[in-house]
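Geometric and topological summary
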Amino acid sequence: NMNKLWKFFQYGYLIIAIICLIEGVIKLIEKNYVTGSILLGTSVLVIILFLVKRRFRKRIQERQQ
């Protein structure tokens, strides 16, 4: 089922966000503020993307039922 595949990829976004968040914090601790802030910003954007795609997928599921 294609829906299960999209659900699997959806959680890939969360994994990427967690990795960016951890790396961003590590870079900030190392006083590399530019790279750290870029990684933290990327993690925020990826989380927003995850939420939007999840909401979109749920709407499509409701429409199909």
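Here we summarise the structure given alongside this text. Here the structure is a predicted model, which is why all the values come from computation and not from measurement.

**Remarks on the side chain of serine 43**
Mapping serine 43 onto the fold places it in helix H2 (residues 33–64). If we ignore the near neighbours within four places in the chain, the residues touching serine 43 are Ala17, Cys20 and Leu21.

**Topic: a positive patch on the surface**
Taken together, the side chains of Lys4, Lys7, Arg54 and Lys58 present a region of like positive charge at the surface. Elements with a contribution of two residues or more to the positive patch: helix H1 (2–29) and H2. Along the chain, lysine 4 turns up in helix H1.

**Section: the packing of aromatic side chains**
Counted according to the given criterion, the structure contains two aromatic pairs. Centroid distance tyrosine 11 to phenylalanine 50: 6.0 Å. Interplanar angle 50°. Geometry classified as tilted. Of the two residues, tyrosine 11 is situated in helix H1 and phenylalanine 50 in helix H2; the sequence distance between them amounts to 39 residues.

About the thresholds
- Residues numbered from 1 in each chain as written.
- Predicted model: local features only at pLDDT ≥ 70, side-chain atom pairs only at ≥ 80, totals over all residues.
- Heavy atoms only, no water.
- Helix = DSSP H or I, 4+ residues; strand = E, 2+ residues; numbered from the N terminus.
- Contact = heavy atoms within 4.5 Å.
- Patch = residues over 30% accessible without salt bridge, like charges linked within 9 Å, V, L, I, M, F, W, Y side chains within 5 Å.
- Areas by Shrake-Rupley, 256 points an atom, 1.4 Å probe, with all protein chains shown as cover.
- Salt bridge = Lys/Arg side-chain N within 4 Å of Asp/Glu carboxyl O.
- Lys, Arg positive; Asp, Glu negative; His and termini not counted.
- Charge placed at Lys NZ, Arg CZ, Asp CG, Glu CD.
- Phe/Tyr/Trp six-rings, centres within 6.5 Å; stacked < 30°, edge-to-face > 60°.

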